[in-house]
Amino acid sequence: MEKNKLYIPEHVGIIMDGNGRWAKKRGMPRYVGHTYGAQTFRKITRYISKCGVKILTLYAFSTENWKRPPEEVDAIMKIFDQYLVDALTDFRDDDIKVVFIGDKSGFSPRLRKLIEENEEVAKDRKGMLLNIAMNYGSRDEIVRAVKMISQDVLDKKLDVNDINEDTIASRLYTSGQHDPDLIIRTGGEHRLSNFLLYQSAYSEFYSTETLWPDFKNEDFDKAIIEFNKRNRRFGGV
Ligand code: FPP
């Protein structure tokens, strides 16, 4: 991609959809699709970092995904476990700073410990910030923010009349981060599925039929080229 001619969005969000269908098309169980999806996750993260994106948020597991059959949830947790073990050294050479957004209390003690260790080893890195959204739900995130604000009002640390958009934004998992400029969804659906609802008020949305395990660097380039054609007005004219 001739990146010097294109505007690279500061923050990109990706809804990684289509793993199950990818496996089914090949006559394999759905979890195999997640294994391949995890490989795509690693490759594309490196590429996106090299493109100059400052923040990448990947939707790995939603608060609603627990409703899936237990065998599939178990398989996804095993993939996370394996990923988190490998990831302690992953992305080091790329200086990528990994953080996890979502309700960590939903995971096993082992996964929680691995998540903490991963955040610890990456904390001083200065490259792209990678938010991995796990057990993440935007409504849950907003409820959590409302509870924090209510507590601050009860404790008289905050006056109700001083509550504004920043009061909420600063209590989201993405506190202090630039809002997503571009949200990509693979797998052909056109919805946000409880991903970054507050933060995406003015994000450009790009959907591709490509299933997540098939998503390549060139597919990301296409999304960037399309993004460059959009006229962002943020409510103005
Ligand atoms: C959506 O595909 C994918 C998921 C719910 C799980 C995503 C997990 C990964 C990509 C693994 C990589 C993540 C990490 C952090 C290593 P789907 O199952 O909804 O696909 P379908 O729409 O075809 O059913």
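Treat the numbers as computed from the prediction; the structure is a model and nothing was measured. (Residues numbered from 1 in each chain as written. Predicted model: local features only at pLDDT ≥ 70, side-chain atom pairs only at ≥ 80, totals over all residues. Heavy atoms only, no water.)

In this section: the pattern of salt bridges. Opposite charge on two side chains permits them to pair, given that their charged atoms come into close proximity. Scanning all chains against the criterion turns up 16 salt bridges. Across the salt bridge formed by Asp 94 and Lys 50, the nearest N and O atoms sit 3.5 Å from each other. Placement of Asp 94 in the loop between α3 (70-86) and β3 (97-101) and of Lys 50 in helix α2 (residues 30-51) is noted, with a sequence separation of 44 residues between them. Between Glu 226 and Arg 230 there is a salt bridge whose closest N-O contact spans 2.9 Å. On the basis of relative accessible area, Glu 226 is assigned to the partly exposed category, the value being 27%. (Salt bridge = Lys/Arg side-chain N within 4 Å of Asp/Glu carboxyl O. Helix = DSSP H or I, 4+ residues; strand = E, 2+ residues; numbered from the N terminus. Buried < 20%, exposed > 50% of the residue type's maximum accessible area, 1.4 Å probe, protein only.)

Moving on to the pairing of strand β2 (residues 55-62). Of all eight residues making up β2, seven are buried, and the element is well covered by its neighbours. Bridge analysis of strand β1 (residues 11-15) against β2 gives five bridges, and the strand direction is parallel. Within β2, the residue paired with Val 12 across the bridge is Leu 56. Where β2 lies against strand β4 (residues 129-136), seven bridges are found, and the strand directions are parallel. Residue pairing in the sheet places Leu 56 in a bridge with Leu 130 of β4. (Pairing = 2+ DSSP bridges.)

Let us now look at the packing of aromatic side chains. Any pair of aromatic rings gets described here by the distance separating the centres and the angle formed by the planes. What the rule picks out here adds up to 14 aromatic pairs. Where Trp 22 meets Tyr 36, the ring centres are 4.7 Å apart and the plane angle is 40 degrees; that geometry is what we call tilted. Of the two residues, Trp 22 sits in helix α1 (residues 19-25) while Tyr 36 sits in helix α2, which places them 14 residues apart along the sequence. Among the aromatic side chains, those forming a connected cluster through ring pairs are Tyr 59, Tyr 136, Tyr 173 and Phe 195. Between the NZ or CZ atom of Arg 26 and the centre of the ring of Trp 22, over which it lies, the distance is 4.0 Å. (Phe/Tyr/Trp six-rings, centres within 6.5 Å; stacked < 30°, edge-to-face > 60°. Lys NZ or Arg CZ within 6 Å of the ring centre and 35° of its normal.)

The next thing to look at is the sheet that holds strand β6 (residues 204-207). Reading across the sheet, the six strands line up as β3-β4-β2-β1-β5-β6 and stay open at both edges, with parallel pairing between neighbours. Where the open sheet ends on each side, the last strands, each with one partner, are β3 and β6. Across the sheet, the mean angle from the axis of one strand to that of its neighbour is 20 degrees, orientation sign disregarded. (Axes fitted to C-alpha atoms, helices over the stretch in contact; angles between N-to-C directions.)

Now for the environment of Lys 50. Of the residues examined, Lys 50 reaches a relative accessible area of 59% and is grouped as exposed. Put simply, Lys 50 and Asp 94 are 44 residues apart on the chain and 8.3 Å apart in space, counted from C-alpha to C-alpha.

This brings us to the packing of α2 against helix α7 (residues 217-229). Between α2 and α7, the shortest axis-to-axis distance is 10 Å and the interhelical angle comes to 45 degrees. One element, α2, and the other, α7, form an angle in the oblique class. Considering the relative orientation of α2 and α7, their crossing is right-handed. Of the residues in α7, those touching α2 at Ile 44, Tyr 47, Ile 48 and Cys 51 are Asn 217, Phe 220 and Asp 221. Looking at the contact of α2 with α7 residue by residue, the classes come out as five nonpolar, one polar and one charged. (Parallel < 35°, antiparallel > 145°, perpendicular 65-115°, else oblique. Left-handed = near helix turned anticlockwise from the far one by under 90°. Contact = heavy atoms within 4.5 Å. Nonpolar A, V, L, I, M, F, W, Y, C, P; charged D, E, K, R; others polar.)

Okay, the site of the ligand next. Taken together, 18 residues sit near the ligand, with Asp 17, Gly 20, Arg 21, Arg 30 and Arg 68 positioned nearest. In this structure, Arg 21 approaches the ligand through a main-chain N or O atom, which is 2.7 Å from an oxygen atom. Arg 30 is positioned with one of its side-chain polar atoms (N or O) 2.8 Å from an oxygen atom of the ligand. For the ligand, the accessible surface in isolation is 620 Å², of which the surrounding protein chains cover 92%. Of all elements in the fold, only α1, α2 and α3 reach the threshold of two or more residues within the shell around the ligand. The element contributing the most residues to the shell around the ligand is α2, with four residues. Residues belonging to the shell around the ligand are distributed by class as follows: seven nonpolar, six polar and five charged. (Near = heavy atom within 4 Å. Polar contact = N/O pair within 3.5 Å; in protein donor to acceptor, adjacent residues only side chain to side chain. Areas by Shrake-Rupley, 256 points an atom, 1.4 Å probe, with all protein chains shown as cover.)

Here we take up the side chain of Thr 186. Mapped onto the elements, Thr 186 comes out in the loop between β5 (182-185) and β6. A relative accessible area of 0% means that Thr 186 is categorised as buried. Of the polar contacts made by the side chain of Thr 186, one reaches the backbone oxygen of Asp 17; its length is 2.7 Å. Excluding residues within four positions of it along the chain, Thr 186 makes contact with Ile 15, Met 16, Asp 17, Thr 208, Thr 210, Leu 211, Trp 212 and Phe 215.

All we've got here are geometric facts, nothing functional implied.
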